[in-house]
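Below are the chains, spelled out letter by letter.
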Amino acid sequence: MPDTRGDVPLQLRLALLPDGLDQPPAGKPGPDAVLQRCAVGVRIEGRRHPGNQPRVRAAVQAAGIPGVRAEAAVPARGVLRGGGVLLLLRPLLRLPPAGHRPARGGAGLRTPAVRPDPPETGRGRVVVGFRDVGLPQAVRNGLRADDPEALPRRGGAPELSGRTSRPRPKSREHVPVLLEEVREALALRRGDIVADVTLGLAGHAVPLLKAVGKRGRLVGLDLDPENLTQAQLELAATGLRFDLQHANFAGLPRALATLGIDGVDALVADLGVSSTQIDQAARGFSYLRPARLDMRMDPTRGRTAGALLDEITEANLATALRELGDEPDAAAIARIIAMARLSRPVDTTSRLVSLVCQAKGIPVPSRGWGRLHPAALTFQAVRMLVNREMENLAALLAFLPSCLRPGGRVAVISFHSGEDRLVKTSFKEGRSQGLYSKIAEDPVLPGDAEQEANPRSWSARMRWAVRSGVR
Ligand SMILES: C[S@@+](CC[C@H](N)C(=O)[O-])C[C@H]1O[C@@H](n2cnc3c(N)ncnc32)[C@H](O)[C@@H]1O
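Keep in mind the model is a prediction, meaning the values are calculated, not measured.

Calculation criteria
Residues numbered from 1 in each chain as written. Predicted model: local features only at pLDDT ≥ 70, side-chain atom pairs only at ≥ 80, totals over all residues. Heavy atoms only, no water. Salt bridge = Lys/Arg side-chain N within 4 Å of Asp/Glu carboxyl O. Helix = DSSP H or I, 4+ residues; strand = E, 2+ residues; numbered from the N terminus. Buried < 20%, exposed > 50% of the residue type's maximum accessible area, 1.4 Å probe, protein only. Axes fitted to C-alpha atoms, helices over the stretch in contact; angles between N-to-C directions. Parallel < 35°, antiparallel > 145°, perpendicular 65-115°, else oblique. Left-handed = near helix turned anticlockwise from the far one by under 90°. Contact = heavy atoms within 4.5 Å. Nonpolar A, V, L, I, M, F, W, Y, C, P; charged D, E, K, R; others polar. Expected span 1.5 Å × (residues − 1). Core = buried A, V, L, I, M, F, W, Y, C linked by side-chain atoms within 4.5 Å. Pairing = 2+ DSSP bridges. pLDDT = per-residue confidence, 0-100. Near = heavy atom within 4 Å. Polar contact = N/O pair within 3.5 Å; in protein donor to acceptor, adjacent residues only side chain to side chain. Areas by Shrake-Rupley, 256 points an atom, 1.4 Å probe, with all protein chains shown as cover.

Draft legend 1. Representation of the pattern of salt bridges within the structure. A complete count under the given rule lists 17 salt bridges for this structure. With its nearest N and O atoms 2.7 Å apart, the salt bridge here joins D192 to R471. Separated by 279 residues along the polypeptide, D192 in the loop between α2 (179-186) and β9 (193-196) and R471 in the segment after β15 (461-467) bring together distant segments of the chain. Between R463 and D420 there is a salt bridge, with its nearest N and O atoms 2.7 Å apart. Residue R463 is located in strand β15, and its partner D420 is located in helix α13 (residues 417-432); the two are separated by 43 residues in the primary sequence. We note that R463, like D420, is buried.

Set out below in structure tokens:
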């Protein structure tokens, strides 16, 4: 959709590069792509690139704007996907002179009045950098940007390039991701039993409960007792029937059995961490807030991140940082943590941040740092380890068919390429085994309006499946 929000359209070229190359080989510019400067990032629309190539890097070159050139290749891995990818790049851009029109008008965009950008950028150059957290995931494969501290606060002004005329929600009210798409995928009927196995603040659960009505029932699971309490208040206000359990969705069959339910008609899982968890400094999820390094979604049990970092082998830590965080300095960070814990535990967020920065040979960034926070990927990987997020998802997917009634439907929202791959593979295998009659061929992505209104949705992907049999 043409973007007329008042930023200068950039006609940029994106090329996919093998590791080690920073610029596309001469004469091989790679797939055409249009990068539009938008409220808080750069949106890349491009042609589908065949296959996933996780080790390719994306280089962006500005074109069509005299006096502006790309200063750096995007230091990230990525591929273009069908509908385009929102890279969440933050362009630190010295805009061209007022009144300038690009040689090629990007996707019919209107050239707006030009306003100066932050002073730290080089004159006459485009520097493509990252916003905090989450980006690399999106950059790599459309991985998640689910860390709310990395994203502009709902209702708050985007940090840098937030000139937009579109309304944003005024308060920090909770906005469930892909709600309409989930509703459509689940096709709920009055009287259905629906399970929300990642209840959070009941953002999905309340509308789903209303959809099943008086004769229906909602089962809600969450690891986090505080979220359950909050969700309970929201659900109680509907006056409809629901049952909540403080439980891991990896144990879904047992949770249903406890309630005397032999199967549900629909189930939703909205994976990952909730903003309430990030926002509470004491939970230790945030690299921006000094606290004990906890990171447990369920603070009543399990190993804290501090304890985990004390016990894990250096090799396993390096592997986790690489595989769950795609952290390029995984080995160096694992090394420095292994050395540092010999003298005292790595048990605070600030200490972990400082060690990551030490491993990278950079100072700890101050607030307002305009790029991906150096510790963001490490925090993500450690959080996923602490909460066994991949293992739990694998268990849920394995049990799912036995928990759905014939014709029952499931929708899973993920923000991480590894999780999305698990879901996709499981649904495909389920279909080939006759467990599912239909599955989403492609992930369902949020539309422009949702991405704009709710930055957390940017990297969300939803996949659905229908259990074989007739409801
Ligand atoms: C992204 S939030 C869900 C938000 C929710 N859909 C809403 O709109 O309010 C994810 C929630 O799932 C919970 N969670 C994560 N892993 C879980 C697991 N294995 N079992 C149960 N709950 C889990 C987290 O504690 C968090 O509250």
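Draft legend 2. Looking closely at the packing of helix α8 (residues 314-325) against helix α9 (residues 330-343). For the pair α8 and α9, the least separation of the axes is 8 Å and the interaxial angle reads 140°. By the angle between their axes, α8 is oblique relative to α9. Seen from above, α8 lies across α9 with right-handed handedness. The residues of α9 that touch α8, namely those facing E314, L317, A318, L321 and R322, are A330, A331, I333, A334, R335, I337, A338 and R341. Residues belonging to the contact of α8 with α9 are distributed by class as follows: nine nonpolar, no polar and four charged.

Draft legend 3. Inspection of the packing of helix α12 (residues 389-403) against α13 at higher detail. The geometry of α12 relative to α13 is characterised by a closest axis approach of 10 Å and an angle of 15° between their N-to-C directions. Compared by their axis directions, α12 and α13 come out roughly parallel. Seen along the crossing, α12 lies across α13 with a hand that is right-handed. Each of E389, M390, L393, A394, L397 and L400 in α12 lies in contact with α13, whose residues at this interface are G418, E419, L422, V423, S426 and F427. A per-class count over the contact of α12 with α13 returns eight nonpolar, two polar and two charged.

Draft legend 4. Summary view of α9. The terminal C-alpha atoms of α9, which comprises 14 residues, lie 21 Å apart, in line with the 20 Å expected from a rise of 1.5 Å per residue. Of all the residues in α9, the buried ones are A330, I333, A334, I336, I337, A338 and A340. On the buried face of α9, the contacting elements are α7 (305-311), α8, α10 (349-360) and α11 (376-386).

Draft legend 5. Inspection of the nonpolar core at higher detail. In this structure, L309, I337, L352 and F379 are the most contacted members of the largest nonpolar core, which totals 39 residues. Going through the elements one at a time, α7, α8, α9, α10 and α11 are the ones with two or more residues in this core. Considering every element that reaches this core, the biggest residue donor is α11, with seven residues. Counting 28 residues, the second largest nonpolar core, distinct from the first, contains V197, A269, V410 and Y436.

Draft legend 6. Main features of the sheet that holds strand β14 (residues 436-439). Pairing is mixed across the open sheet formed by seven strands, whose spatial order is β11-β10-β9-β12-β13-β15-β14. A strand with exactly one partner marks an edge of an open sheet, and here the two such strands are β11 (242-246) and β14. The sheet shows a mean angle of 15° between the axes of neighbouring strands, taken without regard to direction. Two strands pair when backbone bridges link them, and strand β10 (residues 217-222) and β11 are joined in this way by five bridges, in the parallel orientation. When the sheet's bridge partners are listed, L221 is paired in β11 with Q245. Each of β9, β10, β11 and β12 (264-270) touches helix α3 (residues 205-212); the most contacted strand, β10, lies at about 160° to it.

Draft legend 7. Geometry of the confidence of the model for the chain. Here the chain averages 72 in pLDDT, while 63% of its residues score no lower than 70. Note that pLDDT drops below 50 for residues 1-171; the model gives that stretch 426 contacts with residues more than four away or on any other chain.

Draft legend 8. The arrangement of unusual backbone geometry in detail. Residue D326 is not a glycine yet carries a positive backbone phi of 55°. The topology assignment puts D326 in the loop between α8 and α9. Not every positive phi belongs to a glycine, and R388 is a case in point at roughly 50°. Looking at where R388 falls in the secondary structure, it is placed in the loop between α11 and α12. A relative accessible area of 47% means that R388 is categorised as partly exposed.

Draft legend 9. Examining the environment of F242 more closely. Tracing the chain through its elements places F242 in strand β11. Judged by relative accessible area, which is 18%, F242 ranks as buried. Taking the C-alpha atoms as reference, F242 lies 9.4 Å from I193; in sequence the two are 49 residues apart.

Draft legend 10. Quick look at the site of the ligand. For the ligand, the set of nearby residues contains 26 residues, the closest of which are H174, D222, N227, D270 and Q277. In this structure, an oxygen atom belonging to the ligand sits 3.5 Å away from a main-chain N or O atom of L199. N227 is positioned with one of its side-chain polar atoms (N or O) 2.8 Å from an oxygen atom of the ligand. Calculation on the ligand without its partners gives an accessible area of 610 Å², and the protein chains cover 98% of this total. Looking at the shell around the ligand residue by residue, the classes come out as 11 nonpolar, 11 polar and four charged.

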